[in-house]
Amino acid sequence: MSILIQQAKILTMQDNESPFMGDIRIEGEQIVQIASHIDPQPGDDVLDGRGKLAMPGLVNAHQHSAMSLLRGFSDDLKLMDWLDRKMLPAEARMTPEDIYWGAKLGIAEMIRSGTTAFADMYIHMNEIAEAVKETGIRASLTRGMVFMEEDGGRRLQEAVDLVQRWSGQANGRITTMYGPHSPYTCPMEPLRDVIAMAVRDDIPLHIHLAETIEEVQKIHSRYGLTPTEYLVEAGMFDHAHVLLAHAVHLNANDVSRLKGMRGGVAHNPVSNLKLGCGIAPIEAMRAESITVGLGTDGAGSATTLDMFEEIKAACWLQKLDYGDPTRLPAREVLSMATRGSAKLLSLHDEVGVLAPGYKADLILIDLAKPHLQPIHNVESLLAYSVNGADVHTTIVDGQILMRDRKLLTLDEDELYREVNVRAKRIVEGI
């Protein structure tokens, strides 16, 4: 199938390239040409780009998609109360089929708000993989592993099975990682075993780090180390590509220890704000050339999976934290949400920019809105004014997943019926 986008404003996110008017040709799953004018060919699906901006799809670098079933269920609680009193009891009631429908709900929201790829860590990952396969989105999937209780190796085996069964599936749209949950849930010996597996199998690692001050205190009381020092001692950064989620409570020495790491940090500002976790030292990380991407965390904490909200929050937090409005300008935070996150998912050679040879993962944003006019600087509008509802069309791997705000790979009526019945059963009495 070939697609021709005509007369759009194009933001490629390539270095030193400003937005320009032009056309984009897609053949199969790839972008093959970007130019000021491209003649249509017989059989082209022609998309009218007038009044719209084409840009790389957003990449959500840390997510728990099936948590969409628990949106708005446990707000305004401290993190450990939120986890122990609400999330864990509810998750214990979730069936594999619940996870499937919850993942489809999260995917629907992501497609609608301009996300074309995401990194997910959760349970019942086969069901999430099926949802990814059916809906056409791109994903890096991780079975989260906790080693605080004996389970006969079940979680570890599920993680291995996920990697073996799903890596490279769905025309390459599905990739996988190994996911030790966090320093405070993974004692040193099993953590080192998982790291060794990742290095042996050449599979990235996805782990939560220092999301709360309570985690820092817990690790220090057990080992006399910061959570970052604990991962360093485990050898996590010696050879593996690592996606660190949150990294809120890092001191200057912690940041220095991450310099030169393969992978980087997924910043989740909305979730961190809503749970009162703190402000991650993103500017300090960037000063050490540590790759930083953006994620939403799960809808159970962040409530929204709209990456444009994360873009705004990331900018505002760094400007506020430093008392300096020049910190984290629009262009740089947009790069975090595209190129930075793509690098965290090890997809930076395939997505994150618009260029011939890259995968056709892109979005069209409708600029004909009161809050997006006049257009002085389109990058500023994207960072500070656009929201997910402004996304007109979403394309992944050369397939149109949403056109003129209509989802093409999901039955929304069926989806809403299923998730409301399931969510009511899951949370009843909790």
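Reading the values: rules and limits
- Residues numbered from 1 in each chain as written.
- Predicted model: local features only at pLDDT ≥ 70, side-chain atom pairs only at ≥ 80, totals over all residues.
- Heavy atoms only, no water.
- UniProt positions renumbered as here; feature names shortened; annotations may be inferred.
- Helix = DSSP H or I, 4+ residues; strand = E, 2+ residues; numbered from the N terminus.
- Buried < 20%, exposed > 50% of the residue type's maximum accessible area, 1.4 Å probe, protein only.
- Contact = heavy atoms within 4.5 Å.
- Areas by Shrake-Rupley, 256 points an atom, 1.4 Å probe, with all protein chains shown as cover.
- Lys, Arg positive; Asp, Glu negative; His and termini not counted.
- Charge placed at Lys NZ, Arg CZ, Asp CG, Glu CD.
- Polar contact = N/O pair within 3.5 Å; in protein donor to acceptor, adjacent residues only side chain to side chain.
- Phe/Tyr/Trp six-rings, centres within 6.5 Å; stacked < 30°, edge-to-face > 60°.
- Lys NZ or Arg CZ within 6 Å of the ring centre and 35° of its normal.

Going by an unreviewed UniProt entry, the protein carries the name 5-methylthioadenosine/S-adenosylhomocysteine deaminase and comes from Paenibacillus silvae. Quoted verbatim from the Function (unreviewed entry) field of UniProt, the annotation for the protein is "Catalyzes the deamination of 5-methylthioadenosine and S-adenosyl-L-homocysteine into 5-methylthioinosine and S-inosyl-L-homocysteine, respectively. Is also able to deaminate adenosine." On record in UniProt, under Sequence similarities (unreviewed entry), the comment for the protein is "Belongs to the metallo-dependent hydrolases superfamily. MTA/SAH deaminase family."

A. Up close: the overall build of the protein. Helices and strands together make up the secondary structure of the protein, namely 16 helices and 17 strands. Along the first, second and third principal axes, the C-alpha atoms of the protein reach 65 × 45 × 40 Å. The 430 residues of the protein split such that 58% are buried. Pairs at least 24 apart in sequence give 73% of the contacts found in the protein among residues at least 6 apart. On the protein, roughly 16500 Å² of surface is accessible, and the fraction owed to carbon and sulfur atoms is 48%. Side-chain charges in the protein split into 42 positive and 60 negative, and the spacing between the mean points of these groups amounts to 2 Å.

B. Up close: the side chain of Thr338. Position of Thr338 among the secondary structure elements: in helix α14 (residues 330–344). A polar side-chain atom of Thr338 sits 2.8 Å from the main-chain carbonyl oxygen of Leu334. If we skip the residues at most four places from it in the chain, Thr338 touches Met13, Met55, Pro56, Gly57, Leu58, Val59 and Gly352.

C. Focus on the packing of aromatic side chains. For the structure shown, the criterion picks out two aromatic pairs. For Arg327, the ring lying beneath its charged end belongs to Tyr322, and the centroid distance is 3.9 Å.

D. Seen up close, the UniProt feature "binding site: Zn(2+)" (unreviewed entry) in the protein. Mapped onto this numbering, the UniProt entry annotates "binding site: Zn(2+)" (unreviewed entry) at His62, His64, His208 and Asp297. Across 236 residues in sequence, these annotated residues keep their C-alpha atoms within 12.0 Å of one another, forming a single compact spot. With respect to the helices, strands and loops of the structure, His62 is situated in strand β6 (residues 58–63). A relative accessible area of 0% means that His62 is categorised as buried. Excluding residues that lie within four positions of it along the chain, His62 makes contacts with Ala119, His206, His208, Ala245, His246, Ala266, Asn268, Gly295, Thr296 and Asp297. For His64, a relative accessible area of 8% corresponds to the buried category. If sequence neighbours within four positions are ignored, His64 has contacts with Asp120, Met121, Tyr122, His208, Asp297 and Gly298.

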